[in-house]
Structure formats: structure tokens, C-alpha cells
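Residue-level structure breakdown
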Amino acid sequence: MKVLLVLPPLTQFNTPYPSTAYLTSYLEKAGHEVNQIDLGLELILKMFSKEGLKQITQEVRKSKIKNELLDFFLDAANEYENNIEDVISFLQTHESPSISKFIERQTLPEGPRFIPLDDNQGGVLDLYNGLSDKDKAKHICSLFLDDLADVIRIGVDADFGFSRYAEKIAMALTSYSPVQKRLKKKTVIDEWIGELTRVNLQKFRPEVIGLSIPFPGNLLGALRIAETTKKEFPDIKVVIGGGYVNTELRSLEDSRIFDIVDFITFDDGEKPLENLLSFIKNGEGSLLRTMYRKEGKVTHVSSPGLHDVKFKNLDAPSFRGLQMNRYVSMMETINPMQRLWTDGRWNKMVLAHGCYWKKCTFCDVSLDYIGRYEPDSAINVVDKMESIIKETNVHGFHFVDEAAPPTLLKAMSEEILKRGLKVTWWGNIRFDPYFTSDVTKLMKDAGCIAVTGGIEVASERVLKLIDKGISIEKVAVVTKNFKDAGVFVHAYLMYGFPTETIQETIDSLEVVRQFFKKKYLSSAYWHRFALTAHSPVGLNPDKYKIKIVPEKISEHGLFAKNELPFVEEKFVDHDMLGIGLRRALFNYMLGQGLDMDLREWFDEKVPKPKVDLSL
Ligand code: B12
Ligand code: SF4
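Let me sum up the structure you'll find in this document.

**Things to note about the packing of aromatic side chains**
Applying the stated criterion across every chain yields a total of 23 aromatic pairs. Centroid distance W346 to W426: 5.8 Å. Interplanar angle 75°. Geometry classified as edge-to-face. Linking W346 in the loop between β9 (297-301) and β10 (347-349) with W426 in strand β14 (residues 424-429), this pair joins segments that are 80 residues apart in sequence. Since its relative accessible area comes to 8%, W346 is described here as buried. The interplanar angle of 55° and the centroid separation of 6.5 Å between the aromatic rings of Y356 and Y373 together place this pair among those described as tilted.

Shown next, in the form of C-alpha cells:
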């Protein structure tokens, strides 16, 4: 069958997300004619073109919103329009005759996003001065786009973000009604998504369109594409799948989404989609984890005897059709670890299905994409890397595992070195004691440049409750090993875990301060704990002394279910810590304030740290 797989707006625009690449590779082998497109990238390139900015200018004028940035933008509209294509071309190719013009800072209009650079806020200018000319130009061009993104958010569409579209609507969406309402409203961005859908459907003429929805910030974009398809090309069948669907739509009762979507599949898409294509072609057949509307009711079918393909038997993902050289790199921050998310092109690839640890109590371990652990072999992995390089000509890899298995990383590094393969790579790990100084050095030699991983909390009591299987002392050793090997480390941190006290969060910050001071960490991010339905805490709330607050379900039935509202048995005002924690991290990442009393980061009174840790 003729299938068009689509990455809907908006995920990221420096490199493609890998879901359609995995599905393309599998379905092509099964004999289907498959094309894939990144509509997020197409949208961004349309928006950030001379024509696109002209339309943005008109919309801002029409909006009549009174705002200082919008006034600045309208005054400088010609300069924005005349420079935008030069900026985008430089961020795509990393080459431009205009590099020196950009860094002289006389060419591009400079809005509020340039203030930290002008005022040397947090030492940003000092860090900027240490960059190469190319990186300086990249930073300047990124700030130029950041100002434009603010203009679009304020003057055109509040739902716009570089890596998410209308994410807020998709959060804790128990009812479909807000989406239905939002679909009725059309901003210029929605018009563009519709137009790009039309153009691609006319070009590829598929019988089936598969929309990948990895994150909440892709839901509206995907449904806009679905709506346009159903309205203008009613014969094309619309299928959705992806991380958001796998996590949030499992308990779907509301059938209204089937006005614009024909089928939903859950978990790995290879086998369900293969079966669905033959079901669509023949009007009958067996289905795997597939939902559709039958006689007005949501029906979930999983025929007995059908199974997923073993992960190690899958071929390398195929990025064919996703033109790597059109992706746009951004360097909004100067932190070398943070820029990895938005700068450069990375072949995204999975080393193992699921997580080898699968125990953390806040994590969705009961879901297939975490709970079913199936690693690939080192030889297979490196074969796949070589095959992807041939296709994309990109030698950088982002391993998108939940927590890459340490033994496989070691074996893979040995295999890369044995074959003399020149690659750079990074990915998410668990701070496992297996990462000794020998292993981290080996990884570095094989091209590892950075790792990310969850420390979550730096309190031994809460770490036990989370069942992360690590201790602060061990994390200190592992992060030091990476740092000594020359590998950047980014830590995910969490505050507000049930029963966690303010003292424990403050103690965590003290540990984090010491880690930054020792340069064990290059960057970090503090998340507020969120209770999710498929995590051990969500499945067993009493054990964690919380009560889930029942939600009102609309008369049409439940739409999404993931994040759950809850109350703790003993109230703790975790929220008052958020701003101070983020303020501290922002400064630590710039190497500032590492010797300050950490209570100064907070507006409210907080206790002195009590943690006794000498690193
Ligand atoms: C790596 C990762 C990240 C990385 C990289 C993200 C990126 N842009 O590439 C980072 C750390 C940056 C990240 C950030 C976020 N992430 Co994340 N991330 C992941 C992770 C671990 C792997 C994603 C991946 O590449 N998988 C590999 C691909 C091949 O798998 P896949 O997309 O699931 O596709 C398969 C199936 O879903 C299905 N499928 C996919 N599309 C389609 C389409 C059709 C038609 C069909 C039939 C099937 C199908 O078939 C595919 C092949 O089997 C997943 C969890 C997981 N294990 O998947 C979470 C996950 C996707 N992330 C999640 C979230 C929430 C986020 C954030 C929003 C967090 C936040 N609050 O900021 C951000 C959003 C970032 C963004 N806009 O880019 C959630 C999404 C669930 C939800 N509630 O919607 C997940 C599921 C984890 C979780 N349980 O919390 N993430
Ligand atoms: S949080 Fe990470 S290490 Fe823990 S179970 Fe989930 S994926 Fe595995």
C-alpha cells in the first residue's frame, strides 16, 4: 500500500525524531511504498522565510495588541524580512559569507533576547567571548530567532513554541472538548499546517497517512493534519500512534476523535501497522493493539497469536526522505551540554527496547516501552550505525534509550574502536556503578561526548523510596569518572516526591551545588514531581501517603489519562521552592554563585542545609 508517515509540528528542528524512520524501514521491507515527511520542519521553514515573515507582520498589525516587543518588531519588520533567509541558511549549512557581519552585530535587529549578552548577565558575555566566530554567529542568529518566536507567541499564536505546539492544551486532557474547540479556531500557523498537508497529500497521494505523536506538543498539529485530510481527501485512512498515544490514550472512551482519525495503535508500531494495512486493504483481518470506532463505540482489538517483532530483529531505521541538510541548528545557550539538544544533526537510534532497571517508582514502568527490556547486540548496533551513516552522511548519534544498558555501551564502544569507526554520540543513562573510570574512558575513546541521567533527589531516604538503586556517594564516583574522561554530564533532578520534606529538597540542592563546584555536572534540570497513572506510585498511592483526587469525566467519556492530581497526607508547599531551585541551577550552570549561601536563591525563608557530605 502507499503510506505517508508524518512527524507533525512541533518536535525539534535540528534533527528528525526517529519514529517514522523505524516504521519506514520495517514497512518498506514488508513491501509497502512508504514516504516520510517532517511537517514540523516544513512549517518552521515556511514561517522563517521572507514570505512567512511578511504574513507574520500582517498578522501582528491586524492583532492591534499593544506590546513593546511587537512595536519594536513592526518598526524593524523590513530588517527581519530581509535577513531571515540568510540566517536560516547559515543555521542549516553552518557556512555563510555573513558570519563576520552577524558577529559585528550591526546587521540583525536586536530585541530583548539580546539583553543578557549586552549586560553580561550571569557572565554570558564573558562566555560568549570565548566562542569561535562560527559559534558566536550561531548564538546571535539563535537570539534573533528567539525574539521572533516571542513576537509570534505574543502577536500571532500563543500556542507556538520551537519544540512544541499547543502543548498546554494536551496536558492532563481528560476531555476531548478543549481540543475540539481549539481545532475550530485557526491562526496563521494552523492555516500553514493545513496548506502543507494539502501539498504533501497531492504530492505523495497515499492511501494511508500515519501521524506520529511522540509528545503532548504534537497532538494538535497531528489532529490539524488529520482534520485537513478527512475534509479534503476523505478516501485516505488516518492512523495515529507514538509516545503520547501509548502513554495517555490507553483508556480512551470518547469516540469524537474518530471523526477525524480512523485508527489508533498502541506501543511499538511495526507489527500493528503492518496488520492494519492489510486490514484496510482487504476490509478484514487480524489486528494488534488497534482501536477504532465501530457502531459508534470505541473498540480495542488485539487478535490472539499476534506479537511484536523482537527488537534485535529490526533493521536500522531509515531516514530516507527526511533531508538532513534542511534541518536548522540553534544555539540559544552557551552551555556546551545544553546546546546538544538543539544544535547539530544527530541520527537518533535505540540501543535497547525498554529499560534494564525498570524499577523507579515515579516512572511509567508498567508500560511496554519501559517494562519490556530487550537489548540489541553490540555487533548489530554498530552495523546499524554504519548503515545509517551511509544514508544520512551524519556521523553523530543520539541514543534515545530510557537508560542505555551499561554492558551494551561498553561492548558497543569496543566494537566501534575495533572497526575504527569515527563517530560522536551521547544518550541517557542511569548512574550505574558499572561506569568505572576504565569504562568511561573507553566510551570517550569510542566517541561518547555526553551523558544525561536522573539523580532525581540527593536524599538517601527519598532515593530508597524511588528505588533508583543508586546512592549519592556512588553517583559522585560515576559522575567524576565521566568528568575525568572528558564526557559532559547532565542531571535530571526532581522535587516534591511524596513525603519529601523542604529540608530534603534543600539538602539535595546542597549536594548539587557541590557536584557543580567539583565540575562533576555540566548542566542539570529540576522537574516538579508529577504523578502518572502507569507508575508504581500512581498504581499504589497509599504506600506513598497520597490520595488521588478523582476527576470529573465529561458525558462523552474519558479522553486522555496520564498525570493525576493528588494530595499528600501531610501538606508540604513544594511549589514555593521551584523558582529558587531553577535560579540556583541557572547560575551554577554558568559557574556563578557556587560559594553563596544557597538560601539566598529563594524568595521565601528556607532552612539551612544539613547534609553531611564531603566529596
Ligand atoms: C529520548 C526521549 C526524549 C529526549 C529526546 C526527545 C526528542 N525530541 O527526540 C528528551 C530528553 C529531549 C525528551 C524530552 C521530552 N519528552 Co521524552 N522521551 C524520550 C524517550 C525516552 C524515547 C523517544 C524515542 O526516540 N523513542 C524511539 C522511537 C522509535 O519510539 P516511538 O517514538 O515511541 O515510536 C514507536 C511507537 O510509538 C510507534 N509509533 C510512533 N509513531 C507512530 C505513528 C503511527 C501512525 C503508528 C501506527 C505508530 C507509531 O512506532 C514506533 C516504532 O515502534 C520516550 C520514551 C520511549 N521509550 O519512547 C520519552 C517520551 C516520548 N517523552 C515524553 C515527554 C513527556 C517529553 C517532554 C514533553 C518532557 C517535558 N515535560 O519537557 C519533552 C518534549 C521534548 C520535545 N518536544 O522534543 C513522554 C511522552 C508521553 C506523554 N505524556 O505524552 C515519553 C513517552 C516518556 C514518558 N513516559 O514520560 N524526551
Ligand atoms: S526512571 Fe529511568 S532508570 Fe528508572 S525505571 Fe524509568 S527509565 Fe529506568
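There's more to say after this.
**Let's talk about the site of ligand 1**
Among the 40 residues in the neighbourhood of ligand 1, the closest are listed as Q12, Y17, S212, K348 and Y369. E248 places a polar side-chain atom, nitrogen or oxygen, 2.7 Å from a nitrogen atom of ligand 1. Y369 is positioned such that a nitrogen or oxygen atom in its side chain is 2.6 Å from a nitrogen atom of ligand 1. Among the elements of the structure, α1 (19-29), β5 (208-212), β6 (237-241), α14 (243-248) and α15 (270-282) are those that each provide at least two residues to the shell around ligand 1. Element by element, the count of residues in the shell around ligand 1 is highest for α14, at five residues. Grouping the constituent residues of the shell around ligand 1 by class yields 16 nonpolar, 15 polar and nine charged.

**Re the pairing of strand β13 (residues 396-399)**
Of the two faces of β13, the one carrying G396 and H398 and the one carrying F397 and F399 are both buried. Where β10 and β13 come together, three bridges link them in parallel fashion. When the sheet's bridge partners are listed, N347 is paired in β13 with F397. Handedness of the β-α-β unit built from β13, helix α18 (residues 406-419) and β14 comes out right-handed.

**Quick word on the nonpolar core**
One finds F48, L145 and W425 to be the most contacted residues of the largest nonpolar core, which totals 199 residues. For this core, the element with the most residues is helix α9 (residues 133-155), which contributes 10 residues. Look past the residues within four positions of F48 in its chain and what remains in contact with it is L53, I84, I88, L145, L148, I152 and F162. Listed in part, the five residues of the second largest apolar core include M337, W346, W426 and A450.

**Focus: the sheet that holds β14**
Taken together, the six strands give an open sheet; going across it, the order is β10-β13-β14-β15-β16-β17, and neighbouring strands pair in parallel fashion. On the outer flanks of this sheet lie β10 and β17 (523-528), each paired with one strand and no other. Direction aside, neighbouring strands of the sheet carry axes that sit 15° apart on average. Across six bridges, strand β16 (residues 488-495) lies against β17 in parallel orientation. Looking at β17, one finds that A491 is bridged to A524. The strands touched by α18 within the sheet are β13 and β14, with β14 carrying the most contacts at an inclination of about 175°. Against the sheet, helix α24 (residues 578-589) engages β16 and β17, with an angle of about 170° to β17.

Rules behind the numbers
- Position labels on residues start from 1 in each chain and follow its written sequence.
- Labels are handed out in written order, letters beginning with A for the chains and numbers beginning with 1 for the ligands.
- Only residues with pLDDT of 70 or above have their local features reported here, since the model is predicted, and side-chain atom pairs are shown and tallied only from 80 upward, although totals for entire chains, interfaces and linings are computed over all residues.
- Each side-chain value is derived from all of the structure's non-hydrogen atoms; neither hydrogens nor water enter the calculation.
- Note on aromatic contacts: the rings of Phe and Tyr and the six-membered ring of Trp form a pair at centre separations within 6.5 Å, being stacked when their planes are under 30 degrees apart, edge-to-face when over 60 apart, and tilted otherwise.
- Starting at the N terminus, helices and strands are each numbered in turn, a helix being any DSSP run of H or I of at least four residues and a strand any DSSP run of E of at least two.
- Think of it in three bands: residues with accessible area under 20% of the maximum for their type are buried, residues over 50% are exposed, and the middle band is partly exposed, with areas taken using a 1.4 Å probe on protein chains only.
- Throughout, the term near means that a residue has one or more heavy atoms lying within 4 Å of the molecule or strand in question.
- Under this definition, polar contacts are N or O atom pairs within 3.5 Å; protein pairs additionally need one hydrogen-donor-capable and one acceptor-capable atom, and for neighbouring residues in sequence, both atoms have to be side-chain atoms.
- Note that Gly is not counted as nonpolar here; it falls among the polar residues with everything else outside the nonpolar set of Ala, Val, Leu, Ile, Met, Phe, Trp, Tyr, Cys and Pro and the charged set of Asp, Glu, Lys and Arg.
- Pairing between two strands requires that DSSP report at least two bridges joining them.
- Seen with its strands pointing away from the viewer, a crossover is right-handed when the path leading from the first strand over the helix to the second is clockwise.
- Residues belong to a common nonpolar core when they are buried Ala, Val, Leu, Ile, Met, Phe, Trp, Tyr or Cys residues joined through side-chain atoms within 4.5 Å.
- Contacts are residue-level and defined by heavy atoms, with any inter-residue pair within 4.5 Å sufficient.
- Axis angles are defined between N-to-C directions and span 0 to 180 degrees, where every axis is a line fitted to C-alpha atoms and, for a helix, only to the segment in contact.

Remember, this is a structural readout, not a statement about activity or role.
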